[in-house]
Structure formats: C-alpha cells, structure tokens
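What follows is each chain in one-letter form.
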Amino acid sequence: MSFISRLSAIAVALGASVSVNAADIQFTSTLDNADSLVVFKAEDKKAAFKFLDKPTRAQLNRALESEDFQGKFGKTVEVLAPVSSDYKRIIVVGLGKEDELNASKMTKLGGNLHAKLEDKKSASVAVAFEDFDGEINNSQLAAQLAHGINLRDHTFEVYKKEPNTFNVSYSIDVDSKRKAAKEYITLEHIQSGVFLARDLTSEIASEMTPVDFANAAKELEQYGVEVKVLEPAEIKELGMGALEAVGRGSAQGSRLVIAHYKGNNDTPIALVGKGITFDSGGYNVKTGKSIALMKVDMAGAAAVLGTVQAMAKAKADVNVVAVMPMAANMVSENSFAPGDVLRTAEGLSVEVLNTDAEGRLILSDALWYAREFYKPEIMVDLATLTGSKIRAVGNDYSAIFSEDDELVKEFTIAGQTVNEQVWRLPLGYKDALKSDIADMTNVGSYGPGATTAATFLQQFVGDTRWVHLDIAGNAISKKTKDEVPAGGTGYGVRILSEWLLSGN
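Here the focus is the pattern of salt bridges. Note that side chains of opposite charge can pair when their charged atoms are close. Counted under the stated rule, the structure contains 17 salt bridges. One salt bridge connects glutamate 157 with lysine 160, and the closest N-O pair in it is separated by 3.5 Å. For glutamate 157, a relative accessible area of 19% gives the class buried. Aspartate 297 is paired through a salt bridge with lysine 274; the nearest N and O atoms lie 2.9 Å apart.

Spelled out as structure tokens, the structure:
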C-alpha cells in the first residue's frame, strides 16, 4: 500500500479527533481495576496511599523504605501487589517537588512511564493522580501526562513483518475528568500533527516524492485547509529558478505546496519548510553512511504541514499558511551543476559552488513566494540545513537565528514548554557569500556554516519579521528518549503549535 493510500485509511480511522497508533486513554473520577496501578510520590510530600487497602499500603510503604525512595523526579519503584489486591503490580513514580511540576516534566514522565508499562506488557493501567498540582493545575498536568504517553507510543513500523500491535489502556483518576479531557483535546490535535510529520519523515524516499508529499498535503482539505500545488512549469513561469533547478535532476521535478488554514482574518503567519525528499548531494554527491538518512531532509516541510493540520483540527483562532518547496536533489544529465548561476524570484543571482547546499536554494524562492502572495506578519522557516549546526549545538537543541529579540524570546519559552528547545546562534559573515560573477554564492568562503546559511536566507525575507530554525539532527532519533521514539521525531510541530496558540 502506498503512503498516500495508508494516509487515506488513517484519515478515515481518525474520525473526529482520536489519534492512530495511540494508547487508549480515559480520564476518570474513580480508580479502576487494572493489571497495573501507578501511584505517585512527591519529593516534598508524604505519601499516604489512603485509597489502597491496609495490606497493600503496608507492602508499598515497606518497599519504599527499603529502597530509600524519596520521590525524586522520574525515579520508580515496582512491587508485586498482594494476592488480595485488584492489581498485579504497583509502580510508584517520583514527581520531584510538586510545586515545580509543569508541562515539560509531565510530558517526559508520561513518555518514560509508557515505555516501562509497555515493556511489562501491561494491557490495562490505572493511574492515581488526584490531589496533585504544580505550576499548572491537576487537569493540565494529567493531560500532559497523557500527551507524553501517546507521543512515546507512536512508532513507524509499516515495513516490519510483525509490527508492534500491543496496546495499553489507561484510566487516569483525576480531580475533574471533564476538565482534564477538555485540556487534552488540543494536545490530541497537536499529537495528530506530530504523528503526520513523523510518518512523512520516516517514509522511504521512493514512497515520499514531491508528488507523494503534495498528495499527502491535499488530505488536509478535509479539515478546511486550502491546499495549492505549483508544478514545474508554474514554478519556472514565476521566476523561481532556484527551486526549479534543484528538482531538475529528478523525473518529477519540483513542486511548491501551499497549505493555508484561515482560522481568522488576521494577517497570516507564514511557516516555510524545507522539503528535499531525498538529498544525494547532487554532483557534489554525499559519501559514507549519512546518505542513507537523507530521506529525512524534508522534515522541515513535514513539520510545518503537521502544524497546519494541528491548528485546523483544533479550529484554532489563527491564520497560518505553510509554504513547502519540494524537490529530490538527484544526479542526472538534467541536474544543476557546480558553477551554475541560478536566478531566484527575488531577482538575486546565485553562483552554485556546491550542489549539496541545495536546501537554502529552494527556501530562497519559497520565502519570496510567502512574502509576495501572503504578506505575512511573521515568517518562520524550518530546515534540516547544516551539519555545522549539529557541531555547534548538537541534537538536543535546534539553532535559532533572528534579529528579532522578542521572537527569539517567544520561541525559547515555547521550546522549553514542549521539550523542543532552541539555542540562539548569530547571523553575520555576509561577505563570505560574495561572488565574482553573481550577486552571491550558495556557500560561504569562510565562517561558521550554520550562520552563513542563515545569512543567505536572510537576503530573501525583506522587512518581514523572521525566524530561522535549523533542525538538522533534531528531525530523526536513533534511540527512544522520554516522549520521543526512535525514527522521525516530528520536531517543530510542538514548538510551532505552542507558539501559535500562545497568541504570538
């Protein structure tokens, strides 16, 4: 089954709001019977466990004492429940200091808790979460716990002979099941956007071409999203010579995909995502093992599309448009070559010194298109752009570039909230982009590569407020950690959604 066929089947299965590949979660006002019981202990609060019978309480307290369990954040103790208990096992989870509990911590906690319970093959889990509050209230904390559970649960296993089909059912006892469920609804929509971005990113390149991506974007029309796709002839007619050139070496050529969710009549926010569905490097061909990962070079486009889906499903009060330049950077007799000079829609000419610096080329025309046709208040671009970024800040942070201090502050706070943190790097070194025969080169002659790439993009944003996020290294994970499974991470959907929904 092709990716788009699978996506259509998923869309039908989703119905109104429930995510696929997700654990079953219910918020309750009573503690249900289950295979496993999860209880919590705050570091600064004595655990009474009064809701348990006396033998169970005694056994649990004895276990905590023997383990010298203080309730430090993320620490766990597991005990077999007494024969008389309604549960087979009880897991005590440390919350740390209760007044420091926030969305970030609860999401991590949910992810790691789910991994433990899935490993134990617990089909049903009761979670005792009444009477806990922190920086946010009980309902919000419980919703974030559920969010972490489902973010960790989602995996991409369509090519495995025996994919993991084990499902865990959770009943979470909270102060108000109605309020917790309401808080979770928006998170559930954001999850769906994360899952879409992960699946698009994890899909193999032969099943995720520019045309396949465009077809996936059209699926968002069912949520009221206006989707438009420009084909090679239209791209060329608009003067987007950089985008056209990068896709020229592949059979399908380039596409420009636009997905617009108009939740209000405000000036739109433009999200621009790099969409290289496979990056061979062109004539500057990549070598070594890294080329096998180049299916993820469209993760920026996947993230902005996932964000638009999340906003549309949530019926958010935002006007947001995703502009996604799509191309496969391949080698053929038609490919652009080192030494070529490309004319961008901005009117600037670019001397190509390296065909493996193609992402900034397609983004240059996409940034122009977003400005020209949508006149956005703010533009945010996401791109797996440079190895230099990974060397600078690693994989746990994305690199943020902007001359707008307020936007950097807003994204820093949003990233801390959703565990998609950013670290600011400088713009500059424009002189490194000088060319003898064109307006600029596509790689710097000196200076840090992540900065010269960002400075290249800056030439195409005009006077629009702008942020560039270099997400190289963030888009795929080789191992599971907290709420993020191995594979495509969907990085960007949560930080963008948090930023948009925070009224920015």
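Here the focus is the sheet that holds strand E12 (residues 341-343). Spatially, E12-E13-E17 is the arrangement adopted by the three strands of the open sheet, whose pairing is mixed. Strands with a single pairing partner mark the edges of an open sheet, and in this sheet they are E12 and strand E17 (440-441). Taken together, the two bridges between strand E13 (residues 349-351) and E17 define a ladder with parallel strand orientation. The residue bridging glutamate 351 from the neighbouring strand is threonine 441, located in E17.

Another aspect to go through is the packing of aromatic side chains. Considering all chains together, one arrives at 13 aromatic pairs under this definition. Summarising the aromatic geometry, the rings of tyrosine 369 and tyrosine 374 are spaced 6.5 Å apart at their centres and angled 50 degrees between planes, so their arrangement reads as tilted. As far as the burial class goes, tyrosine 369 and tyrosine 374 line up, both buried. A cation over a ring is seen here: lysine 105 above phenylalanine 73, with NZ or CZ 5.7 Å from the ring centre.

In this section: the environment of proline 426. Within the element layout of this structure, proline 426 appears in the loop between strand E16 (422-424) and E17. Since its relative accessible area comes to 48%, proline 426 is described here as partly exposed. C-alpha separation for the pair proline 426 and aspartate 153, spaced 273 residues apart in sequence, amounts to 37 Å. The contacts of proline 426, once residues within four sequence positions are left out, are Phe401 and Thr451.

This part covers the packing of helix H12 (residues 405-418) against helix H14 (residues 493-501). Put simply, H12 and H14 touch, their axes get as near as 9 Å, and they point 120 degrees apart. Classified by the angle their axes make, H12 and H14 are oblique. For the pair H12 and H14, the sense of crossing is right-handed. Here H12 contributes Leu407, Glu410, Phe411, Ala414, Gly415, Thr417 and Val418 to the contact with H14, which in turn contributes Arg494, Ile495, Leu496, Glu498 and Trp499. Residues belonging to the contact of H12 with H14 are distributed by class as follows: seven nonpolar, two polar and three charged.

The next subject is unusual backbone geometry. Of note, the phi angle at tyrosine 429 is positive, near 60 degrees, even though the residue is not glycine. In this structure, aspartate 482 takes a positive phi of about 55 degrees despite not being glycine. Note on placement: aspartate 482 falls in the loop between strand E19 (476-477) and strand E20 (487-488). Under the relative-accessibility criterion, aspartate 482 is labelled buried at 19%.

A few words now on the side chain of asparagine 474. Looking at the secondary structure, you find asparagine 474 in the loop between strand E18 (465-470) and E19. A distance of 2.7 Å separates a polar atom in the side chain of asparagine 474 from the backbone oxygen of asparagine 395. For asparagine 474, the side chain forms a polar contact with the main-chain oxygen of tyrosine 397, separated by 3.2 Å. What asparagine 474 contacts, discounting residues up to four positions off in sequence, is Lys389, Asn395, Asp396, Tyr397, Ser398, Thr489 and Tyr491.

Within the chain, residue pLDDT values average 94, and 95% of them lie at 70 or more. A low-confidence stretch, residues 8-20 (pLDDT under 50), is modelled with 21 contacts involving residues beyond four sequence positions or located in other chains.

For the rest of this paragraph, the subject is helix H3 (residues 103-119). Given a rise of 1.5 Å per residue, 17 residues ought to cover 24 Å, and the 24 Å separating the end C-alpha atoms of H3 matches this to within 8%. Of all the positions in H3, only Ala103, Ser104, Met106, Thr107, Leu109, Gly110, Gly111, Leu113, His114, Leu117 and Glu118 are classed as buried. Near the N-terminus of H3, the side chain that reaches the backbone nitrogen of serine 104, with its oxygen 3.3 Å away, is that of asparagine 102. Positive backbone phi, approximately 60 degrees, marks lysine 121, located one or two places after H3.

Now for the pairing of strand E3 (residues 76-80). Here E3 shows a clear split, with Val77 and Val79 buried on one side and none of Thr76, Glu78 and Leu80 buried on the other. Sheet topology places E3 next to strand E4 (residues 89-96); five bridges connect them, and they run antiparallel. Across the sheet, valine 79 pairs through a bridge with isoleucine 90, a residue of E4.

For the rest of this paragraph, the subject is helix H10 (residues 359-374). With 16 residues, H10 should cover 22 Å at 1.5 Å per step; its first-to-last C-alpha distance of 22 Å lies within 8% of that length. Most of H10 sits inside the fold, with 14 of its 16 residues counted as buried. Phi turns positive, to about 40 degrees, at lysine 375, one or two residues after H10.

Conventions and cut-offs
- Residues numbered from 1 in each chain as written.
- Predicted model: local features only at pLDDT ≥ 70, side-chain atom pairs only at ≥ 80, totals over all residues.
- Heavy atoms only, no water.
- Salt bridge = Lys/Arg side-chain N within 4 Å of Asp/Glu carboxyl O.
- Buried < 20%, exposed > 50% of the residue type's maximum accessible area, 1.4 Å probe, protein only.
- Pairing = 2+ DSSP bridges.
- Helix = DSSP H or I, 4+ residues; strand = E, 2+ residues; numbered from the N terminus.
- Phe/Tyr/Trp six-rings, centres within 6.5 Å; stacked < 30°, edge-to-face > 60°.
- Lys NZ or Arg CZ within 6 Å of the ring centre and 35° of its normal.
- Contact = heavy atoms within 4.5 Å.
- Axes fitted to C-alpha atoms, helices over the stretch in contact; angles between N-to-C directions.
- Parallel < 35°, antiparallel > 145°, perpendicular 65-115°, else oblique.
- Left-handed = near helix turned anticlockwise from the far one by under 90°.
- Nonpolar A, V, L, I, M, F, W, Y, C, P; charged D, E, K, R; others polar.
- Polar contact = N/O pair within 3.5 Å; in protein donor to acceptor, adjacent residues only side chain to side chain.
- pLDDT = per-residue confidence, 0-100.
- Expected span 1.5 Å × (residues − 1).

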